[in-house]
Amino acid sequence: MEFLRDYHTDIKDRTLGILGKSVGEGLEEVSEELNTDLWKTLYQIAGQFGYVSQTNVGAWDNMRERYLMSLFGGAIGGGIFGGIEAIKNPKTAADQDSREALLTLVR
């Protein structure tokens with residue numbers, strides 16, 4: 001019975017870990033898209049004041065499609081790479097020291 005309990009715990013931890021990586025990567029891609037749009041907006045404002053020649057760079061064009069594509073693409077990529085990492089590294093996230101996990105995220 002201990003084997004089944006360990007198996008259940010491993011499946012739960014790895015699934016949540018992969019799902020977390022998937023959601024995290026999707027949100028990261030959306031934030032990158034938002035950051036790009038904000039910089040494009042600043043560039044457009046500079047153009048309206050005459051500092052640059054271009055006044056419309058399409059900062060918010062097709063916003064829904066771009067953001068959804070970034071979210072889904074990042075989620076798929078994060079899930080795939082999270083799964084590969086889980087296969088290569090049999091250690092679960094719960095086994096890692098929190099400081100070590102934080103250092104990994106910072107790197």
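Nothing here was measured: the structure is a model prediction, and the numbers come from that model. (Residues numbered from 1 in each chain as written. Predicted model: local features only at pLDDT ≥ 70, side-chain atom pairs only at ≥ 80, totals over all residues. Heavy atoms only, no water.)

**Student:** Talk me through the environment of Trp-39; I want residue IDs and the actual numbers.
**Tutor:** As for its position among the elements, Trp-39 is in helix H1 (residues 2–48). A residue is classified by how much of its surface remains accessible, and Trp-39, at 58% relative accessible area, is exposed. Residues Trp-39 and Ala-59, spaced 20 residues apart in sequence, show a C-alpha to C-alpha distance of 8.3 Å. (Helix = DSSP H or I, 4+ residues; strand = E, 2+ residues; numbered from the N terminus. Buried < 20%, exposed > 50% of the residue type's maximum accessible area, 1.4 Å probe, protein only.)

**Student:** Describe helix H2 (residues 63–88), naming the residues involved and giving the relevant values.
**Tutor:** With 26 residues, H2 should cover 38 Å at 1.5 Å per step; its first-to-last C-alpha distance of 37 Å lies within 8% of that length. Turning to H2, its buried residues are Arg-66, Tyr-67, Ser-70, Gly-74, Gly-77, Gly-78, Gly-79, Gly-82, Gly-83 and Ala-86. (Expected span 1.5 Å × (residues − 1).)

**Student:** So what's going on with the layout of surface pockets? Residues and values would help.
**Tutor:** As a volume, the second largest pocket reaches approximately 160 Å³. Taken together, Lys-21, Gly-24, Glu-25, Glu-28, Gly-77, Gly-78, Phe-81, Gly-82 and Glu-85 form the lining of the second largest pocket. Elements represented by at least two residues in the lining of the second largest pocket include exactly H1 and H2. In terms of residue count, the dominant contributor to the lining of the second largest pocket is H2 (5 residues). (1 Å grid on protein atoms, 1.4 Å probe; cavity = no way out; pocket = protein on both sides within 12 Å on 5 of 7 lines; lining within 4 Å. Points joined across faces, edges and corners; volume = space filled by probe spheres on them.)

The values are spatial; any link to function lies outside them.
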